Amino acid sequence: MKTLITYSIIFINFFSQSAFAGSNPVSEKVTGKTKVVSYDYNDDKKIDLIETYESGELVKKEQDLDFDGVMDETREIKAYVSDTEPVETITRKDRKLKVYRNEKLKLFITTTEIDTDGDGKYDKTITDHEAIGQKKGEACDPTISPFLNAATVLEADITKAMGKLNNGFIKTDFGYKIHQSCFSSWGVKAFSSIMSQSMGQGLSCLSDLAQKNTKANPKAPNGALNNLMGLKRLIEKDHVSIVCNEAGYDWKGTAGHASTSKEDKITNPKANHPFISLSPAYPKKPGKGTEEEVAELTKTIFHEQLHNLGIRHGEGIEYPYSCETCCLPTKDDSKEAVTAACKICSGQYESNKAGAESYVKDAVVWGEVTYNSNQSLKAVVNYIKENPKSQSGIILFARANAGIMAPVGTEMAKILKSKFPKLSKDEQTNLDMALQYKDSAHISAQASKARVLAEANIALYYDNDPAKALSVLESNKAILKSIVAQSKKKPANTAEKYTFQQMFTDSKKALVDIWLQNYPKNVDDAKSDKAYTILKEVGLI
């Protein structure tokens, strides 16, 4: 139809005018049911991505992340067979990741084998997990006028198309299938405008970051460019389903969730990967979204779209949260928050220890200025799992786990200040940052309880001694129970509310890692069982 075609042309024009036209294949070979497609993202006559398809299904991706002509990552994708068969195997220079889909626990469980000394043999194994169905809890200055201008035209055409719904979805010509519930909740004009701004401004921002990366160092990794081209291919090849009325999902504290692999699907309404499901709780007044609700939805759509690329929280660079703040800042996002987020969203981190440490430092700063320390803490924990006995790593852990409502990191910093008499300038700064709220009333009130968790964290993540960590926690089960109890009582004020919630979350960290992830490497069943028993006895699970 005319209007939808117009909107499609706008998307096409955006990419054709971009400095990066390399998402178009430079070669395509078909042999029987096998198709191999190659791409040159930055037009330097070197292949940056090779995709292999079997009977139309993507089964393998090989990617040159730093544009030097050498493939840095191979990703093999398989259909789900059982909880013990990986659905993805990702091979990089120094590591191999196997991603398992556990349907019983509703988790992606990732086992990472690492070659720490460069001898070609994997000598360290760590395990991590993330929920199936990536969800979002509750600078750039691109030109977005073409997208915004199209919104009013889109509205008129969608109004006409309402009588031609396909299972409740309106299929557009610009890469999306939008469920009628989104228009019923937000209004046709409002939702069309939100979609335009979310993807228009988001894509323009990634393009801007990618160009700055290339100008600064054309040989460095360019995460912004990889994500930009990934979104372009997704929009062009797969209609992304967007729904606003999913039933049967626990929406508490969740603005939206999205698929990350072809196995993901929702049933009410029905949608397969790639899909984005937005909370039906908003707007609170149908058809009358507030300025804050519209801004949040705009960010959420872009956030969830990045999950559709297979990006999961806690695995590698935290693009969804950082890019939403960088590319779609609201009036509540400070200049410092946007700057820190854009540094991460740019994705210029080398695939080595120095690159990992650089990312972790940036993530900690970003977590502080955006009040999103949970994601930065995950990055720190993953780093220290790969680098045990790292003094700088455990100090960064303390800083990431400290804050105006987070007493455990503060107590860790007190212990580490005595434990490490010799500190670098950076380490001293990180400890000082972790201790900045030590005299706050609601922090000091939790000090004795937080001390127990701090001791367990240091024992497990620095000393690599799960027996010691378990001993600390088992001998203080009464304190753990009191933490659970206070998380259920009515808080006296907002500070107390969030402090109680953070204490509850921190109480589970070490125990869950020992129980569910067998951390450190191959912890014996007795310790794993003990961790589970403590979790159950004190009411943490």
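The preceding data block contains the structure.
A short tour of the structure in this document, coming up.

Definitions and limits used
Residues numbered from 1 in each chain as written. Predicted model: local features only at pLDDT ≥ 70, side-chain atom pairs only at ≥ 80, totals over all residues. Heavy atoms only, no water. Helix = DSSP H or I, 4+ residues; strand = E, 2+ residues; numbered from the N terminus. Contact = heavy atoms within 4.5 Å. Expected span 1.5 Å × (residues − 1). Buried < 20%, exposed > 50% of the residue type's maximum accessible area, 1.4 Å probe, protein only. Disulfide = S-S within 2.5 Å. Core = buried A, V, L, I, M, F, W, Y, C linked by side-chain atoms within 4.5 Å. Axes fitted to C-alpha atoms, helices over the stretch in contact; angles between N-to-C directions. Parallel < 35°, antiparallel > 145°, perpendicular 65-115°, else oblique. Nonpolar A, V, L, I, M, F, W, Y, C, P; charged D, E, K, R; others polar. Phe/Tyr/Trp six-rings, centres within 6.5 Å; stacked < 30°, edge-to-face > 60°. Lys NZ or Arg CZ within 6 Å of the ring centre and 35° of its normal.

1. Section: the side chain of serine 279
Here is step 1 of the chain: Within the secondary structure, serine 279 sits in the loop between β17 (275–278) and α6 (291–307).
Here is step 2 of the chain: Setting aside residues up to four positions removed in sequence, serine 279 forms contacts with Cys244, Trp251, Thr254, Ala255 and Gly256.

2. Some words on helix α10 (residues 373–386)
Here is step 1 of the chain: The terminal C-alpha atoms of α10, which comprises 14 residues, lie 20 Å apart, in line with the 20 Å expected from a rise of 1.5 Å per residue.
Here is step 2 of the chain: Among the 14 residues that make up α10, ten are buried, leaving the element largely enclosed by the rest of the structure.
Here is step 3 of the chain: Along α10, the residues that are buried comprise Gln375, Ser376, Leu377, Ala379, Val380, Val381, Asn382, Tyr383, Ile384 and Lys385.

3. A look at the state of the cysteines
Here is step 1 of the chain: As enumerated under the stated definition, the model contains four disulfides in all.
Here is step 2 of the chain: Between the sulfur atoms of cysteine 326 and its disulfide mate cysteine 342 the distance is 2.1 Å. Measuring the twist about the S-S bond at about 95 degrees, one finds the cysteine 326-cysteine 342 disulfide to be right-handed. Of this pair, cysteine 326 sits in helix α7 (residues 319–327) while cysteine 342 is found in helix α8 (residues 335–346), placing the two residues 16 residues apart along the sequence.
Here is step 3 of the chain: Judged by its relative accessible area of 8%, cysteine 342 falls in the buried class.
Here is step 4 of the chain: Each bonded cysteine of the chain is numbered by sequence order, and under that numbering the disulfide pairs are 1-3, 2-6, 4-8, 5-7.

4. Looking at the nonpolar core
Here is step 1 of the chain: Judged by nonpolar contacts, the single largest core of 58 residues is most densely connected at Phe191 and Phe302.
Here is step 2 of the chain: If one sorts the elements of this core by residue count, helix α4 (residues 188–216) sits on top with ten residues.
Here is step 3 of the chain: Leave out the neighbours within four places in its chain, and phenylalanine 302 touches Ser198, Met199, Gly202, Leu203, Leu206, Leu231, Cys323, Glu324, Cys327 and Leu328.
Here is step 4 of the chain: If you look at the next biggest cluster of nonpolar residues, it comprises 52 residues, including Tyr383, Ile394, Leu431 and Val472.

5. Considering the packing of α4 against α8
Here is step 1 of the chain: The contact between α4 and α8 brings their axes to 10 Å, and the two run at 70 degrees. When the axis of α4 is compared with that of α8, the two are roughly perpendicular. Residue-level contacts link Leu206, Leu209 and Asn213 of α4 to Cys342, Cys345 and Ser346 of α8.
Here is step 2 of the chain: Classifying every residue of the contact of α4 with α8 by side-chain character gives four nonpolar, two polar and no charged.

6. Side note on the packing of aromatic side chains
To describe a pair of aromatic rings, you give the distance between the ring centres and the angle between the ring planes.
Here is step 1 of the chain: Per the stated rule, a full pass over the model turns up seven aromatic pairs.
Here is step 2 of the chain: Plain terms: the ring middles of tyrosine 461 and tyrosine 519 are 5.7 Å apart, the flat faces sit at 20 degrees to each other, and that makes the pair stacked. Here tyrosine 461, found in helix α15 (residues 447–461), pairs with tyrosine 519, found in the loop between α18 (494–516) and α19 (525–538); they are 58 residues apart in sequence, far enough to count as distant.
Here is step 3 of the chain: A relative accessible area of 4% places tyrosine 519 in the buried class.
Here is step 4 of the chain: Ring-pair connections join several aromatic residues into one group, and the members of that group are Phe397, Tyr461 and Tyr519.
Here is step 5 of the chain: The ring of tyrosine 53 carries the charged tip of lysine 35 above its face, separated from the ring centre by 5.5 Å.
Here is step 6 of the chain: Across from the ring centre of tyrosine 519, 5.2 Å away, lies the NZ or CZ of lysine 385, which sits over that ring.

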